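In case you want the letters, here they are:
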Amino acid sequence: MSRTCVAVLGSSKPSAGESLYNLAYRIGHQLGEAGFDLINGGYDGTMTASAAGARAAGARVTGVVCAEIQESRGVQPNEYLTEIIDVPVLVRRLEILMRLAGGYVILPGGTGTLAELALVWEHVNKSFIAPRPIVCVGSFWKPTVAAIIAEQPDARVAIEFARTAEQVAAIMRERAIDVDLDERWLLDAAGAEVRSLHE
């Protein structure tokens with residue numbers, strides 16, 4: 001990955017034309033225009049939307065896909081990916097999404113997005129990985145974040161909120177990091193297969 005990569009994480013449910021889908025597209029596009037590549041879960045909903053937006057802005061998009069998900073949901077990677085990282089199990093997928101991104105955008109979502117938010121927040125909060133921005137979009141996650149901060153006030157420093165795609169891109173331009181990682185080691189340890197697709 002030649003440019004800093006930002007993870008966009010969110011629901012698989014929105015369809016083209018819905019407000020959350022359109023927001024994810026704009027975020028992907030703004031990040032691409034700001035010089036970032038994208039990494040996400042590689043399937044449908046906001047994953048497709050953010051990938052399409054990023055590609056339209058000339059960015060590369062890596063999808064981290066998982067045999068467990070494809071078997072349980074019957075989905076296939078979306079058409080906008082330039083690279084696929086294919087892993088056998090969900091926990092490895094989450095780790096790769098976390099470790100290969102220099103910042104995280106958290107859109108509204110379900111239990112999968114909650115797991116992603118919890119994982120990246122814990123790792124940044126406990127300094128298991130270098131500090132990098134975690135940006136929750138809109139108000140969806142505010143009650144969850146507020147409940148955690150009430151119990152653990154120090155955790156607040158790791159989380160930011162944004163309302164628009166432009167605000168997301170501005171935060172990432174200011175705070176996203178280049179990830180210094182032996183990528184091959186991580187992917188080998190995860191049992192990943194990497195495939196390059198169309199440019």
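Coordinates for the structure precede this section.
Read on for a plain summary of the structure. Computed from a prediction, not measured in an experiment: that's the story for all the values here.

Let us look at the overall build of the protein. Helix and strand content of the protein: eight helices and eight strands. Since a compact globule built from 199 residues should have a radius of gyration of about 16 Å, the 15 Å found for the protein is in line with a globular shape. Seen along its three principal axes, the alpha-carbon backbone of the protein occupies a region of about 45 × 40 × 35 Å. Looking at the protein residue by residue over its 199 residues, the buried ones come to 50%. Relative to all contacts within the protein whose residues are 6 or more apart in sequence, the contacts with residues 24 or more apart total 73%. For the protein, the exposed area adds up to about 9,000 Å²; of that, 51% sits on carbon and sulfur atoms. Counting 18 positive and 24 negative side-chain charges, the protein places the centres of these two groups 4 Å from one another.

Once that is clear, we can look at the pattern of salt bridges. Taken as a whole and assessed by the stated rule, the structure comprises five salt bridges. The closest approach of N and O atoms between Arg92 and Glu95, which form a salt bridge, is 3.3 Å. A residue pair is termed a helical-turn pair when its members lie 3 or 4 positions apart in one helix, as Arg92 and Glu95 do in helix H4 (residues 90-99) at three residues. On the basis of relative accessible area, Arg92 is assigned to the partly exposed category, the value being 32%. Ionic pairing is found between Glu122 and Lys126, a salt bridge with its closest N-O pair at 2.9 Å. Look at Glu122 and you get partly exposed, because its relative accessible area is 33%. Via salt bridges that share partners, Arg92, Glu95 and Arg99 belong to a single interconnected network.

Bringing the nonpolar core into the picture now. Ranked by size, the top nonpolar core spans 60 residues in total, and within it Ile27, Leu31, Tyr104, Val105, Trp121 and Ile134 carry the most contacts. A per-element tally of this core places helix H1 (residues 19-33) first, with six residues. Not counting the four nearest positions on each side in its chain, Tyr104 is found in contact with Ala7, Leu97, Met98, Val120, Val124, Ile129, Arg132, Pro133, Ile134, Val135 and Met172.

Right, let's get into the pairing of strand S3 (residues 61-66). With six of six residues buried, S3 is to be regarded as a mostly interior element. Here S3 shows a buried face lined by Val61, Gly63 and Val65 and a second buried face lined by Thr62, Val64 and Cys66. The pairing of strand S2 (residues 37-40) with S3 spans three bridges and is classified as parallel. Bridge pairing in S3 places Asn40 opposite Gly63. In this region the chain leaves S2, passes through helix H2 (residues 46-56) and returns to the parallel neighbour S3; the handedness of that crossover is right-handed. Pairing geometry for S3 and strand S4 (residues 83-87), over five bridges, is parallel. Looking at S4, one finds that Cys66 is bridged to Val87. Considered for its hand, the β-α-β crossover made up of S3, helix H3 (residues 67-73) and S4 is right-handed.

Below, the discussion takes up the sheet that holds S2. On the basis of which strands lie adjacent, the open sheet formed by eight strands has the order S7-S6-S5-S1-S2-S3-S4-S8 and mixed pairing. Across the chains shown, the open sheet's two edge strands, defined by having one partner strand only, are strand S7 (159-162) and strand S8 (193-196). The sheet shows a mean angle of 25° between the axes of neighbouring strands, taken without regard to direction. Here strand S1 (residues 5-9) pairs with S2 via three bridges, running parallel.

Running from N to C, H1 and helix H7 (residues 165-175) cross one another at 35°; their axes reach a closest spacing of 8 Å. When you trace H1 past H7, the crossing you get is right-handed. Here Leu23, Arg26, Ile27, Gln30 and Leu31 of H1 lie close against H7, whose contacting residues are Ala165, Glu166, Val168, Ala169 and Met172. A per-class count over the contact of H1 with H7 returns seven nonpolar, one polar and two charged.

About the cut-offs
Here the residue index of a chain counts from 1 through its sequence in written order. Totals for whole chains, interfaces and linings use all residues, but because this is a predicted model, local features are given only for residues with pLDDT of at least 70 and pairs of side-chain atoms are given and counted only at 80 or more. With hydrogens and water stripped out, all remaining heavy atoms of the structure feed into the side-chain values. Here a helix means four or more residues in a row that DSSP labels H or I, a strand means two or more in a row labelled E, and each is numbered from the N terminus. C-alpha atoms define the radius of gyration, and 2.2 Å times the number of residues to the power 0.38 defines the globule rule. Partly exposed describes any residue whose relative accessible area lies between the buried limit of under 20% and the exposed limit of over 50%, with all areas from a 1.4 Å probe on protein chains only and scaled to the type maximum. The criterion used for residue contact is that any of the two residues' heavy atoms lie within 4.5 Å. The accessible surface values rely on the Shrake-Rupley method and a 1.4 Å probe; as for residues, cover is taken only from the protein chains in view. Only four residue types enter the charge count: Lys and Arg as positive, Asp and Glu as negative, with His and the chain ends excluded. In this description, the location of a charge corresponds to atom NZ of lysine, CZ of arginine, CG of aspartate or CD of glutamate. A carboxyl oxygen of Asp or Glu within 4 Å of a side-chain nitrogen of Lys or Arg is what we treat as a salt bridge. Definition of nonpolar core: a set of buried residues of the types Ala, Val, Leu, Ile, Met, Phe, Trp, Tyr and Cys, connected through side-chain atoms within 4.5 Å. Here, any two strands with at least 2 DSSP bridges between them count as paired. Note on handedness: a crossover is taken as right-handed if, strands pointing away from the viewer, the path from the first strand over the helix to the second is clockwise. Axis geometry follows a simple rule: fit a line to the C-alpha atoms, using only the stretch in contact for helices, then measure angles between N-to-C directions, giving values from 0 to 180 degrees. For any pair of crossing helices, the crossing counts as left-handed if the nearer helix is rotated counterclockwise from the farther one by less than a right angle, and right-handed if it is rotated clockwise. In this count, Pro and Cys sit with the nonpolar residues alongside Ala, Val, Leu, Ile, Met, Phe, Trp and Tyr, while Asp, Glu, Lys and Arg are called charged and the others, Gly among them, polar.

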